[in-house]
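Tertiary structure, described
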Amino acid sequence: MVEPADLAGAGAEVRDVEVLVVGGGPAGLAAADAARRSGARVVLVEGGDDVGGQYWRHLPAERPAAAEAQLHHGWSTFAGLRRTLAGDPGCEVLTGASVWAVEPGAGALVVRVLVTPSGQADAPGRRHLALRPAALVVATGAHDLTLPFPGWDLPGVVTGGAAQAFAKSERLAVGERVVVAGAGPFLLPVASSLLDTGARVLEVAEAAGPAQLTRGWGPLLTGGGAGVFAAGLSGVGVLAGKTRELAGYVAALTAARVPYRTATGVVAARGDGRVEEVVLARLDATWAPVPGTERVVAADALAVSHGFTPRLEVALAAGAAVAGSGAGAGFVAVDDRGATSAPGVWAAGEVTGIGGADAALVEGALAGLAAAEALGHPAGPEVDGLLRRRRVLRAFADRLAAAHAPRPGWLAQVTDDTVVCRCEEVTAGRLRSVAQATASAADAPAGSRSLRLTTRAGLGPCQGRVCGHAVDAVLGCGLPASTGTTRPPVSHQRRPLAVPVRLGELADLPPATTPTSPATSQPTSEETP
Amino acid sequence: MSARRVDPARDVARTETAEPVTITVDGEPVTGVRGQSIAGVVMAAGRSASTGGALRRTAGAGAPRGVFCGIGVCFDCLVTVDGVRDVRACQRRAVEGAVVTTQGEPLPARVERVEGERRG
Ligand SMILES: Cc1cc2nc3c(=O)[nH]c(=O)nc-3n(C[C@H](O)[C@H](O)[C@H](O)COP(=O)(O)OP(=O)(O)OC[C@H]3O[C@@H](n4cnc5c(N)ncnc54)[C@H](O)[C@@H]3O)c2cc1C
Ligand code: FES
């Protein structure tokens, strides 16, 4: 329990806040805007140097571009939200402000924030804030999920998000000749942004095969290829924007004659010091590579994404439960208006399920209105319309998720010498042999944790953010696992700190306020084997 | 060939002419443009830089690593900037004269633990 007196320590500025929004992507911006319209006072904290999130990641102020909107969809929506919030004395937008811990406090949660001057990420001596929100809206988004393959740790192999981020925020092509691979509609904007940088996109390889795509995208689809996206997206008014956006990507790929191949995946990246060639193969319906179908493509970059995984740390630390099953499994569990299982805590956007920016905007607005309403600022009549839009967008997102969800056969690409945990350089072979040596039916659940301690997989600086799912899968736990195992997934999502903090910065805090809550701490044995 | 900045003359975004920024990477000057991250500057220098576009070497296999996630979550791009270790190169803006050194020792299990060891 943190008492107000404990908070007044060296450097920590303590403030009571009405609605605190964490994350300045589409969901967080919409939440802040909606809560303001209801009349609540809002503080929005964004870890990056500017708001916009992943979708509207943009050039920094020191690098102006006359036609930046060309690189984005819905740029005017973003510009409007940013302008409204910036000009509103009832809303304070803090950038470079990362939430690194959430603790239970006397009556309210205590949200700890480190504020970094613009551009100076990871500099020591950052400013501490301790915010006590009456209502908290978590809109921390997601990051790429990339399934490992031999060579995925070579320089030049990046996530789809990285290719996108460098194209949008630095006008940098990650390579001249790029292969885009993985699964999901996100591969299309990645390829299209790369084309906009003048890079050659050699091909887009989608792991899902025609049968999986057809089941997910619906009976409208016939045949494979990029045409599936255009064909599958007719009708529903709410989806018109999404339809236009995807059709635009398809047109860009078609114009540049970029082949879009379904049932195709990367089985290896090779090169001397950086990627020089990419080995692609046909995948069967389970995503296992079909022997004999390998092709070698000379490339200097490879952008791979198999979906997204939520940034759960802040939500978990605030006590919100994660859905265990169903379409939203692994994401923060919310009701229609974004309420989590924790009182006073709402969540919106991709941290609650992958739905794209349109869904994030709608969910953000709903959560912002709900949070304000709980504090005595009733929402207007717009809620019903937002709920209707949310239902359509969610149903669409669930279909897409099914169309591109990893199938267990992908594990066949993970050879024994594949590095699975990049930070600690733990190979699949090491994981498998340690798992075999310690296997016993009785200790299975504890076994998975001790395996991580023995191998250190997932205990490096990324704390399993990148490899957690894959480590679990290789060990036969969680999803998407191999077949027939019942070991539960290891809780690789519970991390003591949401962002890295230097000891010197912790030392600036009085001892009683270093993170000690059960929700945010791990057994020390996990930290120091 | 490797990563490269978009030619401003052909950029659909019509970026204005950007000011050059020079940093040193392991003692070697590398030039990018203002507003870029350290990772972006190093990537665009590519093979011409002595690091070959990599940002660090791993402790175990001594394998080169570069940018992976690009958004600050993977920690594969940690470098030392002006004497401060474990800075995410993809998140840190390149400023004129910044002294970047690549790291090749074991990564910290958690940033604050290594800091503690150094202090202790
Ligand atoms: C790198 C990347 C690029 C993407 N590009 C596209 C694209 O071009 N097109 C597309 O359709 N979809 C894209 N996506 C998918 C994208 O996630 C969604 O479309 C959309 O951005 C989701 O909105 P959101 O508000 O839920 O989350 P986000 O946009 O991810 O916003 C979350 C925000 O929270 C901040 N944050 C997270 N943790 C903390 C913390 N502890 N403290 C403070 N702030 C925090 C983050 O910095 C981020 O700005 C991309 C995803 C990624 C990971
Ligand atoms: S590339 Fe992942 S943190 Fe920098």
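Residues numbered from 1 in each chain as written. Chains lettered and ligands numbered in written order. Predicted model: local features only at pLDDT ≥ 70, side-chain atom pairs only at ≥ 80, totals over all residues. Heavy atoms only, no water.

Focus on the overall build of chain B
- Within chain B, the secondary structure is distributed over two helices and eight strands.
- Taken from N to C terminus, the helices and strands of chain B fall in the order β-β-β-α-β-β-β-β-β-α.
- Across the 120 residues that make up chain B, the buried fraction comes to 57%.
- Considering only residue pairs separated by 6 or more positions, chain B has 44% of its internal contacts joining residues 24 or more positions apart.
- When the accessible surface of chain B is split by element, carbon and sulfur atoms take 50% of a total near 4,900 Å². (Helix = DSSP H or I, 4+ residues; strand = E, 2+ residues; numbered from the N terminus. Buried < 20%, exposed > 50% of the residue type's maximum accessible area, 1.4 Å probe, protein only. Contact = heavy atoms within 4.5 Å. Areas by Shrake-Rupley, 256 points an atom, 1.4 Å probe, with all protein chains shown as cover.)

Some details on the sheet that holds strand 2 (residues 20-25) of chain B
Residues and elements named next belong to chain B.
- Reading across the sheet, the five strands line up as 3-2-8-6-7 and stay open at both edges, with mixed pairing between neighbours. What marks the edges here is a single partner per strand, and that holds for strand 3 (28-33) and strand 7 (84-88). Across the sheet, the mean angle from the axis of one strand to that of its neighbour is 40°, orientation sign disregarded.
- By the bridge criterion, six bridges tie strand 2 to strand 3 in an arrangement that is antiparallel. (Pairing = 2+ DSSP bridges. Axes fitted to C-alpha atoms, helices over the stretch in contact; angles between N-to-C directions.)

Observations concerning the sheet that holds strand 8 (residues 157-159) of chain A
Residue and element names in this part refer to chain A.
- The five strands are arranged 8-16-10-11-12 in an open sheet whose pairing can be described as parallel. The two strands at the open ends of the sheet, each matched to only one other strand, are strand 8 and strand 12 (260-261).
- Pairing between strand 8 and strand 16 (residues 301-305): three bridges, direction parallel. Looking at strand 16, one finds that Thr159 is bridged to Val304.
- Across the sheet, helix 4 (residues 160-170) is in contact with strand 8 and strand 16; its angle to strand 8 comes to roughly 85°.

Topic: the site of ligand 1
- Not every one of the 34 residues close to ligand 1 is listed here, only the nearest: Ala27(A), Glu46(A), Gln54(A), Gln164(A) and Glu350(A).
- Each of chains A and B places residues next to ligand 1.
- Gly47(A) has a polar backbone atom sitting 3.0 Å from a nitrogen atom of ligand 1.
- Separating an oxygen atom of ligand 1 from a backbone N or O atom of Ala357(A) is a distance of 3.5 Å. (Near = heavy atom within 4 Å. Polar contact = N/O pair within 3.5 Å; in protein donor to acceptor, adjacent residues only side chain to side chain.)

Comments concerning the packing of aromatic side chains
Residue and element names in this part refer to chain A.
- Enumeration according to the criterion identifies five aromatic pairs over all chains in this entry.
- Ring centres of Trp56 and Phe78 lie 5.3 Å apart, and the angle between their planes is 25°; this geometry places the pair in the stacked category. Here the residue Trp56 occupies a position in the loop between strand 2 (42-46) and helix 3 (75-86), and Phe78 occupies one in helix 3, the gap between them amounting to 22 residues. A single burial state applies to Trp56 and to Phe78, both of which are buried.
- Aromatic ring contacts, followed pair by pair, group Tyr55, Trp56, Trp75 and Phe78 into a single cluster.
- Its end group placed over the ring of Tyr55, Lys168 keeps NZ or CZ at 5.5 Å from the ring centre. (Phe/Tyr/Trp six-rings, centres within 6.5 Å; stacked < 30°, edge-to-face > 60°. Lys NZ or Arg CZ within 6 Å of the ring centre and 35° of its normal.)

Considerations on the side chain of Thr140(A)
Residue and element names in this part refer to chain A.
- Structurally, Thr140 can be placed in the loop between strand 6 (127-138) and strand 7 (142-144).
- A distance of 2.7 Å separates a polar side-chain atom of Thr140 from the backbone oxygen of Arg311.
- Beyond its immediate stretch of four places on either side in the chain, Thr140 contacts Val22, Arg311, Val314 and Val351.

Side note on the environment of Ala437(A)
All names here are of chain A.
- Following the sequence through the fold, Ala437 ends up in helix 12 (residues 428-438).
- Taking the relative accessible area as the measure of exposure, Ala437 reaches 67% and is therefore exposed.
- For the pair Ala437 and Glu206, spaced 231 residues apart in sequence, the C-alpha to C-alpha distance is 36 Å.

What to know about the interface of chain A and chain B
- The interface of chain A with chain B comprises 74 residues on the first partner and 61 residues on the second.
- Contact between chain A and chain B buries roughly 5,700 Å² in total, counting both sides, with carbon and sulfur atoms accounting for 56%.
- There are seven salt bridges connecting chain A and chain B.
- Close ionic contact of Arg93(B) with Glu62(A) constitutes a salt bridge, the shortest N to O distance being 2.7 Å.
- Across the contact surface, chain A and chain B share 24 residue pairs in polar contact (both at pLDDT 80 or more).
- Per-class residue counts for the side of chain A that touches chain B are 34 nonpolar, 17 polar and 23 charged. (Buried area = accessible area lost by both parts, 1.4 Å probe. Salt bridge = Lys/Arg side-chain N within 4 Å of Asp/Glu carboxyl O. Nonpolar A, V, L, I, M, F, W, Y, C, P; charged D, E, K, R; others polar.)

Looking at the pairing of strand 2 of chain A
All names here are of chain A.
- Most of strand 2 is tucked away: five of the five residues are buried.
- Because side chains alternate across strand 2, one face comprises the buried residues Val42, Leu44 and Glu46, and the other comprises Val43 and Val45, equally buried.
- As paired strands, strand 1 (residues 12-22) and strand 2 are joined by four bridges and run parallel to one another. Bridging across to strand 2, Val21 finds its partner in Leu44.
- One crossover worth recording links strand 1 to the parallel strand 2 by way of helix 2 (residues 26-38), and it is right-handed.
- The pairing of strand 2 with strand 3 (residues 91-95) spans five bridges and is classified as parallel. The residue of strand 3 that forms the bridge with Val42 is Cys91.
- Taking the sense of rotation as the criterion, the β-α-β connection linking strand 2, helix 3 and strand 3 turns out right-handed. (Right-handed = clockwise from strand over helix to strand, strands pointing away.)

Observations concerning the nonpolar core
- One finds Val157(A), Val174(A), Val179(A), Leu194(A), Val204(A), Leu302(A) and Ile23(B) to be the most contacted residues of the largest nonpolar core, which totals 118 residues.
- Tallying contributions element by element places helix 11 (residues 382-404) of chain A first for this core, with seven residues.
- In this structure Val157(A) touches Phe149(A), Gly151(A), Trp152(A), Ala269(A), Val275(A), Leu302(A), Val304(A), Val67(B) and Phe68(B), once residues within four positions along its chain are discounted.
- One finds Val21(A), Tyr55(A), Ala371(A) and Ala372(A) within the second-largest nonpolar core, a separate group that totals 31 residues. (Core = buried A, V, L, I, M, F, W, Y, C linked by side-chain atoms within 4.5 Å.)

Structural notes on unusual backbone geometry
- Backbone geometry at Gln463(A) places phi at a positive 55°, although glycine is not the residue there.
- Of note, Gln463(A) is situated in the loop between helix 13 (444-455) and helix 14 (468-474).

Looking at helix 3 of chain A
Residue and element names in this part refer to chain A.
- Taking 1.5 Å as the rise per residue, helix 3 with 12 residues should run 16 Å; its terminal C-alpha atoms sit 16 Å apart, in good agreement.
- Looking only at helix 3, the buried set comprises Trp75, Phe78, Gly80, Leu81 and Leu85.
- Residues of helix 3 that are buried sit in contact with helix 2, strand 3 and helix 10 (356-374). (Expected span 1.5 Å × (residues − 1).)

Structural notes on helix 2 of chain A
Residue and element names in this part refer to chain A.
- Taking 1.5 Å as the rise per residue, helix 2 with 13 residues should run 18 Å; its terminal C-alpha atoms sit 18 Å apart, in good agreement.
- A large share of helix 2 lies buried, amounting to 12 of its 13 residues.
- Along helix 2, the residues that are buried comprise Pro26, Ala27, Gly28, Leu29, Ala30, Ala31, Ala32, Asp33, Ala34, Ala35, Arg36 and Ser38.
- For helix 2, the secondary structure elements touched by its buried residues are strand 1, strand 2, helix 3, strand 3, strand 6 and helix 10.
- After helix 2 finishes, the residue Gly39 shows a positive phi value of roughly 105°.

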